[in-house]
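Each chain, written out:
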Amino acid sequence: MKPLLAHLELRGIRFLLIGGRGLEAHGYVRNTRDVDLLVALSDRDGIGQGLSDFGYVRTTETPIFSRWQSTDPGGEDLDLLYVDPGTFAKLETDAVEMDLGGLVVRVPSVAGMIALKLHAMRNNRDRKSKDSSDIQAILLLHPQALDLEELRRLCERYGPPQIYDELKRGLP
C-alpha cells in the first residue's frame, strides 16, 4: 500500500484513506483485504491515470465508485469512492494524519469516518452489521469525539432509519 500511496502523492493527487485501513488512524484495527480511498470527483481522471501508470486495472466503475486491481500478484486491490469537491474539502478540513512508516497520509476525523460509514449503510443495507460495529468501536475508543446529540444529527443526516437508537444501545 505504501508505494502506491507515495506514487499518488508524488503526482499531487489528493485523497483520504478510508475504510478498514483508515480506521487504524483512530486506533481500531479490522482485518481488510483492500485499500479504500476517498477522492474528489474533480480528481477522478488524475487518479485513474496515476493508478494505470502504477500497474492497476479498473475492474468496476459507477458514477461514484471504482474498483482497481493490481497487476502485481502481491499488490492490494483498491476501491475509490468519489465525492463532490465540496464534500471532499469538508472531510479534508479536519482530517487527521496517519504515519505509514515515513509516509504521512490523511484520514477523515472520527466524525468524518462515522458520516462515511452511515452513508455506506444507508446506500447498502448489507454493510449495516460491519459498519455499525466499526462505528461503535470508534466511539468507544474516542468517547469525547462526539456527544450523543452530534451522533444523532449525523445518523439523521447520513444513516438509515433507526440507526441512532441501535448505535446508542451499543454504547455504555
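Above this note sits the structure.
The rules behind the values
Residues numbered from 1 in each chain as written. Predicted model: local features only at pLDDT ≥ 70, side-chain atom pairs only at ≥ 80, totals over all residues. Heavy atoms only, no water. Helix = DSSP H or I, 4+ residues; strand = E, 2+ residues; numbered from the N terminus. Buried < 20%, exposed > 50% of the residue type's maximum accessible area, 1.4 Å probe, protein only. Arc of directions from axis to C-beta. Contact = heavy atoms within 4.5 Å. Polar contact = N/O pair within 3.5 Å; in protein donor to acceptor, adjacent residues only side chain to side chain. Pairing = 2+ DSSP bridges. Phe/Tyr/Trp six-rings, centres within 6.5 Å; stacked < 30°, edge-to-face > 60°. Lys NZ or Arg CZ within 6 Å of the ring centre and 35° of its normal. Axes fitted to C-alpha atoms, helices over the stretch in contact; angles between N-to-C directions. Parallel < 35°, antiparallel > 145°, perpendicular 65-115°, else oblique. Left-handed = near helix turned anticlockwise from the far one by under 90°. Nonpolar A, V, L, I, M, F, W, Y, C, P; charged D, E, K, R; others polar.

S.K.: Looking at this structure, how should I read the environment of Gly12?
M.R.: Considering the arrangement of structural elements, one finds Gly12 in the loop between α1 (2–10) and β1 (16–18). For the pair formed by Gly12 and Gly46, sequence separation is 34 residues and the distance between their alpha carbons is 9.0 Å.

S.K.: Please clarify how helix α7 (residues 148–158) should be interpreted in this entry.
M.R.: Because the α-helix completes a turn every 3.6 residues, residues three or four places apart line up on one side. Among all positions in α7, only Leu151, Leu154, Cys155 and Tyr158 are buried. Burial along α7 is one-sided: seen end-on, the buried residues are contained in an arc of 100 degrees. Along α7, exposed side chains directed more than 90 degrees from the buried face belong to Glu156 and Arg157. Turning to α7, the residues buried within the fold contact α4 (85–93), α5 (110–123), α6 (128–141) and α8 (163–169). The N-cap of α7, judged by a side-chain oxygen 3.1 Å from the amide nitrogen of Glu149 a few residues on, is Asp147.

S.K.: What exactly am I supposed to notice about the pairing of strand β5 (residues 77–83) here?
M.R.: For a regular strand, the rule is simple: side chains alternate between the two faces of the sheet. Taken across its seven residues, β5 has five buried, putting it largely inside the fold. By the bridge criterion, seven bridges tie strand β2 (residues 34–40) to β5 in an arrangement that is parallel. By the bridge assignment, Asp36 is partnered in β5 with Asp79. Bridge analysis of strand β4 (residues 65–70) against β5 gives four bridges, and the strand direction is antiparallel. Considered in β5, the bridge of Trp68 is made with Leu78. Linking two consecutive strands that pair antiparallel, namely β4 and β5, is a turn of six residues.

S.K.: Quick question: what am I supposed to make of the packing of aromatic side chains here?
M.R.: Each aromatic ring pair is characterised by the separation of its centres together with the angle its planes make. Using the criterion set out here, one finds one aromatic pair in the structure. With 6.4 Å between their ring centres and 20 degrees between their planes, Phe54 and Tyr56 make a pair best called stacked. The exposure class of Phe54 is partly exposed, given its relative accessible area of 34%. The lysine or arginine in question, Arg44, covers the ring of Tyr82, its NZ or CZ lying 4.2 Å from the ring centre.

S.K.: Where do I start with the packing of α5 against α6 in this structure?
M.R.: The relative placement of two packed helices comes down to the angle between their axes together with the axis-to-axis distance. Look at α5 against α6: their axes get within 9 Å of each other, and the N-to-C directions meet at 165 degrees. Comparing their axes, α6 and α5 come out roughly antiparallel. In the packing of α5 onto α6, the handedness of the crossing is left-handed. Contact with α5, carried on its side by Val110, Met113, Ile114, Lys117, Leu118, Ala120 and Met121, involves Lys128, Asp131, Ser132, Asp134, Ile135, Ile138 and Leu139 of α6 and no other residues of that element. Grouping the constituent residues of the contact of α5 with α6 by class yields nine nonpolar, one polar and four charged.

S.K.: What should I look at first to understand the packing of α1 against helix α3 (residues 44–53) in this one?
M.R.: It is at 10 Å that the axes of α1 and α3 come closest, and there the two elements cross at 130 degrees. If you check the angle between α1 and α3, you find them oblique. Between α1 and α3 the crossing geometry is right-handed. For the pair formed by α1 and α3, the contact residues are Leu4, His7 and Leu8 on the first element and Ile47, Gly50, Leu51 and Asp53 on the second. Classifying every residue of the contact of α1 with α3 by side-chain character gives four nonpolar, two polar and one charged.

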